[in-house]
Amino acid sequence: KAKADKQWITSISWEPMHLNGGKCERLVTSSKDSTCKIWNVRTQQCILTLSGHTDSVECVRWGGEGFLYTGSRDRTIKVWTAKEGDVLGKLVRTLKGHSHRINTLALSSDHVCRTGPFDHRGTKFLNEEEAYLAAVEKYKTFAAQGPERLVSGSDDYTLFLWHPSDDKHPVKRLTGHQQAVNHIAFSPDGRYFASASFDKKVKIWNGFSGDFLSTLTGHVGAVYQVAWSSDSRFLVSASKDSTAKLWEVPSGKRARATLPGHADEVYALDWSPNGASVA
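Residues numbered from 1 in each chain as written. Predicted model: local features only at pLDDT ≥ 70, side-chain atom pairs only at ≥ 80, totals over all residues. Heavy atoms only, no water.

Okay, the packing of aromatic side chains next. The final tally for this structure, using the stated rule, is nine aromatic pairs. Look at Phe-67 and Tyr-69: their rings are 6.5 Å apart centre to centre, the planes differ by 45°, and that puts the pair in the tilted class. For Tyr-69, a relative accessible area of 0% puts it in the buried group. Ring centres 6.3 Å apart and planes at 85° place the aromatic pair Phe-198 and Tyr-224 in the edge-to-face group. Taken as a pair, Phe-198 in the loop between strand S14 (192-197) and strand S15 (202-206) and Tyr-224 in strand S17 (residues 223-228) lie far apart in primary sequence, 26 residues in all. Its relative accessible area of 36% is what places Phe-198 among the partly exposed residues. Owing to a relative accessible area of 14%, Tyr-224 belongs among the buried residues under this scheme. Following the ring pairs from residue to residue traces out a cluster consisting of Phe-186, Phe-193, Trp-205 and Phe-212. Above the ring of Phe-208, the side-chain terminus of Arg-149 is found at 4.0 Å from the ring centroid. (Phe/Tyr/Trp six-rings, centres within 6.5 Å; stacked < 30°, edge-to-face > 60°. Buried < 20%, exposed > 50% of the residue type's maximum accessible area, 1.4 Å probe, protein only. Helix = DSSP H or I, 4+ residues; strand = E, 2+ residues; numbered from the N terminus. Lys NZ or Arg CZ within 6 Å of the ring centre and 35° of its normal.)

What follows is the structure, given as structure tokens:
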């Protein structure tokens, strides 16, 4: 248990296994105190504090290309170095475009970074070295799709698509939501991303171009979070209306199923990477 942040922690992201020799012993936290901190969980030390944002940092991601991405209430996203051989935590660029606070970030590589060498078949590895090499191989295959993509969602009702590892200008500004965007998630294969909003809608977008594809209508309250199945065919959404809904993507005009049972707002949900269950 490491204590250092002056105010609450808003987001946590682990270093992906295919980076830094597969040690998986570092994570980054973002805080309301407008800083982020990198921690080593083995030594329980704070290695570094990232300062530069002027308001609460709402979201942090440790990307597959060896950068950290931070989204803040100060309306900017900052890109920091975390590659082996680079100075850790050096500010590379600031991404500007949103006119209100940034609530959420999603990377095209989120799923592959999260699962590392593991898959739905329950593959086992003889040792850490073998697992690390498998993670590197899996990431290489995924990265062949093209540059790592980042999508940000804001209280300004819009999303921005970025190629953050090499450009500070957005690829596209995405409009259509009628209220604040709370949460975004890329499909595991990187072909789509979904956005959840207070406007009771979930929207599906093309993961490469940012083109709008469809609106998933059915919730009667704000939608707080979404999660994808590992095969990228289905999406679940959690809402203020006390239900979660299951959708087929990208076609889903109507929910395939409503998951009742909760008696009050559903704030968060996740789909296990092996596909077996949604919590």
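Moving on, we get to the side chain of Lys-78. Its place among the elements puts Lys-78 in strand S7 (residues 76-81). Asp-74 provides the closest opposite charge to the buried, salt-bridge-free Lys-78, at an N-O distance of 5.5 Å. A polar contact is formed between the side chain of Lys-78 and the side chain of Thr-94, at a distance of 3.1 Å. Setting aside anything within four residues of it in sequence, one finds Lys-78 in contact with Gly-52, His-53, Leu-68, Tyr-69, Thr-70, Leu-91, Arg-93 and Thr-94. (Lys, Arg positive; Asp, Glu negative; His and termini not counted. Salt bridge = Lys/Arg side-chain N within 4 Å of Asp/Glu carboxyl O. Polar contact = N/O pair within 3.5 Å; in protein donor to acceptor, adjacent residues only side chain to side chain. Contact = heavy atoms within 4.5 Å.)

A separate point is the sheet that holds strand S8 (residues 91-96). The strand order S5-S6-S7-S8 describes an open sheet built from four strands, whose pairing is antiparallel. Since the sheet does not close on itself, it has two edges, and those belong to strand S5 (57-62) and S8, each with one partner. Each neighbouring strand pair of the sheet contributes to a mean axis angle of 20°, computed without reference to strand direction. In terms of strand pairing, strand S6 (residues 67-72) meets S7 through five bridges, oriented antiparallel. When the bridges of S7 are listed, Thr-70 appears paired with Lys-78. (Pairing = 2+ DSSP bridges. Axes fitted to C-alpha atoms, helices over the stretch in contact; angles between N-to-C directions.)

So, to be careful, I would describe these as geometric facts and stop short of saying anything about function.
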